[in-house]
Amino acid sequence: MTNISIPLQLNPKGLQHENSMKRSIDSNLYLIITTERFSTPADPLFGFVFNNLRFEMFNENEGVVFDSGDTETMSNIQGAYDKKISGTSKSVNTFAAELKASISKYEERLEKISVSMTYIREERRIYITVKGVIATTNENYIYEHILKVWN
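So, a few notes on the structure that sits alongside this text. (Residues numbered from 1 in each chain as written. Predicted model: local features only at pLDDT ≥ 70, side-chain atom pairs only at ≥ 80, totals over all residues. Heavy atoms only, no water.)

Quick look at the pairing of strand 10 (residues 140-148)
Burial along strand 10 is one-sided: Tyr141, Tyr143, His145 and Leu147 are buried, and none of Asn140, Ile142, Glu144, Ile146 and Lys148, which face the opposite way, are. Relative to strand 10, strand 9 (residues 125-134) runs antiparallel, the two being bridged by nine bridges. Within strand 10, the position partnered with Tyr127 by the bridge is Ile146. Counting the residues between successive antiparallel strands, the hairpin from strand 9 to strand 10 contains five residues, one of them, Asn138, with a positive phi of roughly 60°. (Buried < 20%, exposed > 50% of the residue type's maximum accessible area, 1.4 Å probe, protein only. Helix = DSSP H or I, 4+ residues; strand = E, 2+ residues; numbered from the N terminus. Pairing = 2+ DSSP bridges.)

Describing the side chain of Thr129
When you line up the elements, Thr129 lands in strand 9. Judged by relative accessible area, Thr129 falls into the buried class, the value being 18%. In this structure Thr129 touches Ser114, Val115, Ser116, Ile142, Tyr143 and Glu144, once residues within four positions along its chain are discounted. (Contact = heavy atoms within 4.5 Å.)

Regarding unusual backbone geometry
At Lys112, a residue that is not glycine, the phi angle is positive and equals roughly 50°. Structurally, Lys112 can be placed in strand 8 (residues 110-120). Positive phi, close to 60°, is recorded for Asn138, a residue that is not glycine. Tracing the chain through its elements places Asn138 in the loop between strand 9 and strand 10. For Asn138, a relative accessible area of 59% puts it in the exposed group.

Overview of helix 1 (residues 21-34)
Taking 1.5 Å per residue as the helical rise, helix 1 with its 14 residues ought to reach 20 Å, and the 20 Å between its terminal C-alpha atoms agrees with that figure. Among the residues of helix 1, those classed as buried are Met21, Ser24, Ile25, Asp26, Asn28, Leu29, Ile32 and Ile33. (Expected span 1.5 Å × (residues − 1).)

Considering the pattern of salt bridges
Pairing is possible between side chains that carry opposite charge, provided their charged atoms lie close to one another. Evaluation of the coordinates by the stated rule reveals three salt bridges. Residues Asp26 and Lys22 are paired through a salt bridge, measuring 3.1 Å at the closest nitrogen-oxygen approach. Highlighted residues: Asp26 and Lys22, both in helix 1, separated by four residues, approximately one helical turn. Classification of Asp26 as buried rests on a relative accessible area of 18%. With its nearest N and O atoms 3.2 Å apart, the salt bridge here joins Arg37 to Glu98. One end of the pair, Arg37, is in the loop between helix 1 and strand 5 (58-59); the other, Glu98, is in helix 2 (residues 95-106), with 61 residues separating them in the sequence. Comparing Arg37 with Glu98, the two get one shared label, buried. (Salt bridge = Lys/Arg side-chain N within 4 Å of Asp/Glu carboxyl O.)

A closer look at the pairing of strand 8
In this structure, strand 7 (residues 87-88) lies alongside strand 8, joined through two bridges in antiparallel fashion. Note that in strand 8 the partner of Gly87 across the bridge is Met117. Both strand 8 and strand 9 contribute to a ladder of nine bridges, which runs antiparallel. From the neighbouring strand, Glu111 faces strand 9, where its bridge partner is Val133. In textbook terms, the turn of a hairpin is the stretch between consecutive antiparallel strands, and for strand 8 and strand 9 this stretch comprises four residues, one of which, Arg124, has a positive phi near 60°.

In structure tokens form, the structure reads like this:
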């Protein structure tokens, strides 16, 4: 079985395919994690809401994104200001749980998904780990991504 490559690429035979299931899923997770929510007209809910907050400051004492005030452009994501930056998808009020929900919806090849996000203050980075099982092969799957903090 082959999967369509992301980003989409055309070749003389049509859309380019990716033979490695892991690389295909990796590409899709990268796309989910790096896409702002509401930036894709075909499906406004595609992406990860954390990227919508990229210009907001962290409240490092509370471990949340600082709410700089209600603006019209952010009215769809006001609940994001209450979510913890570091945490796992087992905790409801974390960005990790938000990311897990997005991955569960947009990456159906993975089952038993868990997500952890760890903010390292000294490095100004957030380490994201996604674990799961590839549905068709029952292979364990791990994806790691690092977000550089903007403030």
